[in-house]
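These are the residues of each chain, in order.
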Amino acid sequence: MDFALNDDQRAIQDAARQFAEAELAPHSAEWDETKHFPVEVMKHAAEMGFCGIYTGEEHGGMALGRVEAALIFEELSRGDVSTAAFISIHNMATWMIDKFGSDELRGRYVPRLTTMELIASYCLTEPGSGSDAAGLRTTAKLDGDHWVLNGSKAFISGAGTSDVYVVMARTGQDGPKGISTFVVEKDAPGLSFGAQERKMGWNSQPTAIVAFDDCRIPAANLLGKEGDGFRYAMMGLDGGRLNIAACSLGGARLALETTQAYVTTRKQFGKPLSDFQNTQFKLADMATQLEACRLLVLRGAWALDTRHPEATKWCAMAKRFATDACFQIADEALQLHGGYGYLKDYPLERIVRDLRVHRILEGTNEIMRVITAREMLRQ
């Protein structure tokens, strides 16, 4: 068992760190304050290969593994959690088109997605079906050489700005086997978007409802086989859960590093906070939790890379543990800053707000427990 990164992985990690420090971190507070979606900066990320990390090389992807993706997203999110998280969603949608699409679909979209000439969104959740994803009610009916979609999707990152939407819709029976996946372009007739949601965090990316009112798309825009869409969506989410867990790592790491520096200079009762045993114990616990989270995320990434039969369980465990623990680390970091942690002059309150949603999206942490227990009891 070797825990060391190889030379290529260290180089990838260093490149992501340098990009985050130069292009993300200096603007993170401003983007949060002004709710700016940094498309041009994300295109710079695409130039580094970060918008097609595990997409195949044929159409411009890097064809890296999920371990490398976890390393990249930890570094990017240390620069800005919200923007890194959107890049992770774009990667998931791009990979799904590349993995399951026809040669024609792949050739039409993937080269422009890996460069971020086109931006992609993932559309599964609906106003009436969140955790019960297989209960979705958006429909797609074949009408000649077009599919006609009706329904709506909720909490969609990139909605209204993204150019391509990977959409799960019902084409058959109730339950997961009646769901198919489609690629819908922004200008498709019958596609519209709701007002931008007012959110606690993730302010550097737009979020809105995506609505389909007799939305017509070419029959060729069916992704893969009819009825296999839910399986595709879940395969995408295995990696998506690792990505969002890795984004939690980066945010928590920044919170811990910021706090470690703060407690060595902030004095109370005539000595630095770092001299108090209570502070030392908190720092030790935070560092231990962060390392445990990283190991579990990399374990899940290894399981996906090696196609381990229990990969889904490991991904769910990593997402649940890392997003819970990293939020707690950020909250402790804010507490150690006292009143200053509550001010926007420091990054702590922003990190806390951004990390909170990670315990909800890509499957709530309650659903992660359901998946883990189901896989355990299936053995």
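To be clear, the structure that these remarks concern was listed above.
First things first, this report covers the structure right here in the doc.

Cut-offs and rules
- Residues take numbers from 1 onward in each chain, read along the sequence in its written order.
- For a predicted model such as this one, the threshold for reporting local features is a pLDDT of at least 70, and the threshold for listing and counting side-chain atom pairs is 80 or more; totals across whole chains, interfaces and linings nevertheless cover every residue.
- The side-chain quantities take in all heavy atoms of the structure and omit both hydrogens and water.
- The numbering of helices and of strands both runs from the N terminus, where a helix is a DSSP run of H or I of at least 4 residues and a strand a run of E of at least 2.
- Every helix has an expected span of 1.5 Å times one less than the residues it contains.
- Only protein chains enter the accessibility calculation, which uses a 1.4 Å probe; a residue whose area is less than 20% of its type maximum is buried, one above 50% is exposed, and one in between is partly exposed.
- Whether two strands pair depends on DSSP finding at least two bridges between them.
- Whenever a helix is involved, its axis is fitted only over the stretch in contact; in every case the axis is a line through C-alpha atoms, and angles between N-to-C directions fall within 0 to 180 degrees.
- Angle categories are assigned with fixed cut-offs, so that under 35 degrees is roughly parallel, over 145 is roughly antiparallel, 65 to 115 is roughly perpendicular, and the rest are oblique.
- For a crossing to be left-handed, the near helix must be turned anticlockwise from the far one by less than a right angle; the clockwise case is right-handed.
- Only protein atoms enter the 1 Å grid used here. Points where a 1.4 Å probe fits but cannot escape make up a cavity, open sets with protein on both sides within 12 Å along at least five of seven lines make up a pocket, and a residue lines them when an atom lies within 4 Å of a point.
- Grid points are joined across faces, edges and corners, and a volume is the space filled by probe spheres set on the points.
- Side-chain classes are defined by residue name, with Ala, Val, Leu, Ile, Met, Phe, Trp, Tyr, Cys and Pro counting as nonpolar, Asp, Glu, Lys and Arg as charged, and the others, Gly among them, as polar.

## Description of helix 7 (residues 229–265)
Phase 1 of the analysis: In this model, helix 7 (37 residues) spans 54 Å end to end at C-alpha, consistent with the 54 Å of a helix rising 1.5 Å per residue.
Phase 2 of the analysis: Most of helix 7 is tucked away, with 28 of its 37 residues classed as buried.

## As for the pairing of strand 1 (residues 120–123)
Phase 1 of the analysis: What you see with strand 1 is no split at all: Ala120 and Tyr122 on one side and Ser121 and Cys123 on the other are buried throughout.
Phase 2 of the analysis: Examined bridge by bridge, strand 1 and strand 4 (residues 164–170) share four bridges and lie parallel to one another. Within the sheet, the bridge partner assigned to Cys123 lies in strand 4 and is Val167.

## Some details on the packing of helix 8 (residues 277–305) against helix 9 (residues 311–336)
Phase 1 of the analysis: Between helix 8 and helix 9, whose axes approach to 8 Å, the crossing angle comes to 160 degrees. Relative to helix 9, helix 8 is oriented roughly antiparallel. The handedness of the crossing between helix 8 and helix 9 comes out as left-handed.

## Details of the layout of surface pockets
In this approach, a probe sized like a water molecule rolls over the atoms, and the result shows the empty space that is left.
Phase 1 of the analysis: Reported here for the second largest pocket is a volume of approximately 480 Å³.
Phase 2 of the analysis: Lining the second largest pocket are 18 residues; nearest its centre among them are Asp2, Phe3, Leu5, Leu295 and Leu298.
Phase 3 of the analysis: Broken down by element, the lining of the second largest pocket gets its largest block of residues, six residues, from helix 8.
Phase 4 of the analysis: For the lining of the second largest pocket, a count of residues per class yields nine nonpolar, two polar and seven charged.

## Remarks on empty space enclosed by the protein
Phase 1 of the analysis: Counted according to the given criterion, the structure contains one cavity of 30 Å³ or more.
Phase 2 of the analysis: Computed from the structure, the largest cavity encloses a volume of approximately 40 Å³.
Phase 3 of the analysis: Considering the residues around the largest cavity, the lining is formed by Ala70, Leu71, Glu74, Leu249, Arg294 and Leu298.
Phase 4 of the analysis: The set of elements that each furnish at least two residues to the lining of the largest cavity consists of helix 4 (66–79) and helix 8.
Phase 5 of the analysis: Counting residues per element, the lining of the largest cavity draws most heavily on helix 4, which supplies three residues.
Phase 6 of the analysis: In terms of residue class, the lining of the largest cavity is made up of four nonpolar, no polar and two charged.

Interpretation note: all reported values are geometric properties and have no functional meaning in isolation.
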